[in-house]
Amino acid sequence: MQTVTFKNWTCNVERTKYYDGNIALQLIDAEDGAPVAMATVNLPDAPLEPNHVYIKNWSENEGVLAALVEAGIVRDTGIYMATGIVLANVCELLS
């Protein structure tokens, strides 16, 4: 299982799917199993390449993109998708 350090937590990265089949990444506290953050956001009406995700890197998730990149879990493509007020980073999953 892949791990990442996000803020003050060491987290296991759980790969699941949203209802529409898009990939979801959830961070779970490695020590007690409590959910820490949903690293992705689902945009079901927005096109997405296979093996890519939208990363929520704002509000309470600020810094999650850097943590995932540093851990070698995703690669930031430099592309953004509008979610309304903010932009989600389009990232390629590396494993």
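Residues numbered from 1 in each chain as written. Predicted model: local features only at pLDDT ≥ 70, side-chain atom pairs only at ≥ 80, totals over all residues. Heavy atoms only, no water.

## Re the pattern of salt bridges
Considering all chains together, one arrives at 2 salt bridges under this definition. Between Glu60 and Lys56 there is a salt bridge, and its shortest N-O distance comes to 2.5 Å. Judged by relative accessible area, which is 16%, Lys56 ranks as buried. Ionic pairing is found between Glu92 and Arg75, a salt bridge with its closest N-O pair at 3.0 Å. In this pair, Glu92 is assigned in strand β7 (residues 87-93) and Arg75 in strand β6 (residues 74-82), connecting sequence segments 17 residues apart. Judged by its relative accessible area of 39%, Arg75 falls in the partly exposed class. (Salt bridge = Lys/Arg side-chain N within 4 Å of Asp/Glu carboxyl O. Buried < 20%, exposed > 50% of the residue type's maximum accessible area, 1.4 Å probe, protein only. Helix = DSSP H or I, 4+ residues; strand = E, 2+ residues; numbered from the N terminus.)

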